[in-house]
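# Working through the structure, step by step
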Amino acid sequence: MSTNARPWDAIVCGAGIAGMAAALALGRAGARVLVLETRKKLGGRATSFTDPRTGEELDNCQHVTLGCCTSYLHLLAHLGMHHALTWHDQQFWIEPGGQRSTIKPSPLPAPAHHAPSLLHAKFLTLPQAATLSLGILAALGATRASWQGRLFSTFLDEASQPEILRKRFWDPVVISACNLTPDRVDASLALKVFQEGLLSSPRAARIGIPRLPLARLYDAFAPTLAQSHGQVLLGASVAQIDEHRVTLADGQTLHAGHIVCALPYERAATTINPALQARDNRLAPLANMPHSPILGVHLAFDAPVLDVPHAVLIEGATQWLFAKDPSGARIHAVISAADAWADLDEHATINRVLADVHTYFPHSRTIPLRWGRVVREKRATFAPTPTFERLRPSVQGHSRLLLAGDYCNTGWPATMEGAARAGYAAASAILGTDLTIPDLPPGPFVRPASAAW
Ligand SMILES: Cc1cc2nc3c(=O)[nH]c(=O)nc-3n(C[C@H](O)[C@H](O)[C@H](O)COP(=O)(O)OP(=O)(O)OC[C@H]3O[C@@H](n4cnc5c(N)ncnc54)[C@H](O)[C@@H]3O)c2cc1C
């Protein structure tokens, strides 16, 4: 199919979650959309690859979602993939030596649904659980706007949360959700995780884990777009973006009524025409925004190691383990905010994760590791510091160029949900229709999300 016979209604640059969400929403409204993606596959940072060593399709990293991620779940439904997630109400928190506590919802209404299991958690003494409950209540009652631009560690100071509770509870949750430590992360983002994720309702806190390699979730993307006469070009690298025109690396020029730039922010900053950037003050700070790394480590053992679907390793260097097969012999380890691991080579990284597996699942010490594979994402997400949070650009600005990406100012941490929200917001701006997917209703005793801001 020719791509430049007549102008497109919209060109979407980048086929990560944000670009796909924008394109599908536009296509559903009848717009003719062209999607340009530099790689030969879809999904951007949330994708999988064929491992040349094993021939297996591996995720770049385990991606989990929560029940509160309504826009991302809407996108999956649009792709016919809402059934591809397994939902877990329980979280398994493991201590060194293997003692485990299960955090799960009780029949109590939100925000108290997790209270009984936290009070009975073996990794907390009763006085610690009581102090933690006060901290959680403080998080629930906090007004996020007043915490924007401040550190979450300051919030924990003011809520009198001792070091032991930070290491055992606050750090694992905040580092996994925000990809930054509490002493660096913007407090409003961390508070959002607690208010809208864990505390607003048991449904919001459910953990969804894909049963398929991530790239398979997008198999229906091109056919769905084709239904509205849209098209996806893989291997099409965008060299320059103007308000109504995109120039590809091969020199081809394509025209459209609207352009959505759904590239990572560092690419957006170098690709959008400098003259356009000079007129549009959203883009100026993008290039210098810092990133935060994540490591994903695939491990294949000779026998079952994990007897739970996933595990939080309390005070572990590795934060989460996920079982990748029903037996628990295939494991995926995740290390968020992984700056301290930057200098380790693959062998040293695997050994460090293996040491954690042995510490938290002692029976694994006798089980040989067949192979390991490390995926290092140095630019996994933006680093959501208070400075970054202030600079996050809006989807719509003074020019007609729309931005879409997890870095836009959706109020969400760098997540698939933030990306999907930005994509839908870009489509809304083009169509002049509000396509916002509603949040889950909060529990009867929880403030609505808007009141918590
Ligand atoms: C290791 C890791 C673990 C994560 N874990 C989770 C998790 O558990 N849960 C969660 O919700 N989120 C998680 N995230 C974050 C999540 O993956 C991202 O927030 C989300 O995928 C970002 O989507 P995006 O569309 O904004 O950007 P991207 O995914 O970066 O999409 C941008 C697209 O633009 C393309 N592109 C770049 N340059 C060009 C060019 N010149 N021309 C054309 N195309 C171009 C890229 O190839 C890419 O496909 C994780 C991220 C990583 C890296």
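Residues numbered from 1 in each chain as written. Predicted model: local features only at pLDDT ≥ 70, side-chain atom pairs only at ≥ 80, totals over all residues. Heavy atoms only, no water.

Quick look at helix α4 (residues 126-141) now. Compared with an ideal rise of 1.5 Å per residue, which puts 16 residues at 22 Å, α4 spans 23 Å between its outermost C-alpha atoms and is within 8% of the ideal. On its buried side, α4 packs onto α3 (115-119), α6 (152-158), α7 (163-178) and α8 (187-198). (Helix = DSSP H or I, 4+ residues; strand = E, 2+ residues; numbered from the N terminus. Expected span 1.5 Å × (residues − 1). Contact = heavy atoms within 4.5 Å.)

Before going further, it helps to spend a moment on the layout of surface pockets. Of the volumes computed, that of the second largest pocket is approximately 420 Å³. In terms of lining, the second largest pocket is formed by 19 residues, of which the most central are Pro210, Arg211, Ala323, Lys324 and Asp325. For the lining of the second largest pocket, the secondary-structure elements that each account for two or more residues are β4 (57-59), β6 (85-88) and β9 (207-210). The element that contributes the greatest number of residues to the lining of the second largest pocket is β4, accounting for three residues. (1 Å grid on protein atoms, 1.4 Å probe; cavity = no way out; pocket = protein on both sides within 12 Å on 5 of 7 lines; lining within 4 Å. Points joined across faces, edges and corners; volume = space filled by probe spheres on them.)

Spatial ordering of the open sheet is given by β8-β7-β15-β16-β17-β14-β18, a layout of seven strands whose pairing is mixed. Edge positions in the sheet fall to β8 (100-103) and β18 (369-382), since each has one partner strand and no second. Across the sheet, the mean angle from the axis of one strand to that of its neighbour is 25°, orientation sign disregarded. Strand direction decides the pairing type here: strand β7 (residues 91-94) and β8, joined by four bridges, are antiparallel. The residue bridging Phe92 from the neighbouring strand is Thr102, located in β8. In the packing of α7 onto the sheet, the strands contacted are β7, β15 (310-313) and β16 (320-323), and the crossing angle to β7 comes to about 125°. Where helix α12 (residues 346-360) meets the sheet, it contacts β7, β14 (291-301), β15, β16, β17 (330-335) and β18, and its direction lies at approximately 105° from that of β18. (Pairing = 2+ DSSP bridges. Axes fitted to C-alpha atoms, helices over the stretch in contact; angles between N-to-C directions.)

A word on the packing of aromatic side chains. Under the definition given, this model contains 13 aromatic pairs. When the centroid spacing of 5.6 Å and the interplanar angle of 10° are considered together, the rings of Trp320 and Phe322 count as stacked. Neither residue differs from the other here; Trp320 and Phe322 are each classed as buried. Here the aromatic rings of Phe382 and Phe388 are separated by 4.2 Å at their centres, their planes lie at 0°, and the arrangement is stacked. For Phe382, a relative accessible area of 1% gives the class buried. When the ring centre of Trp8 is taken as origin, the NZ or CZ atom of Arg32, which lies over that ring, is 4.2 Å away. (Phe/Tyr/Trp six-rings, centres within 6.5 Å; stacked < 30°, edge-to-face > 60°. Buried < 20%, exposed > 50% of the residue type's maximum accessible area, 1.4 Å probe, protein only. Lys NZ or Arg CZ within 6 Å of the ring centre and 35° of its normal.)

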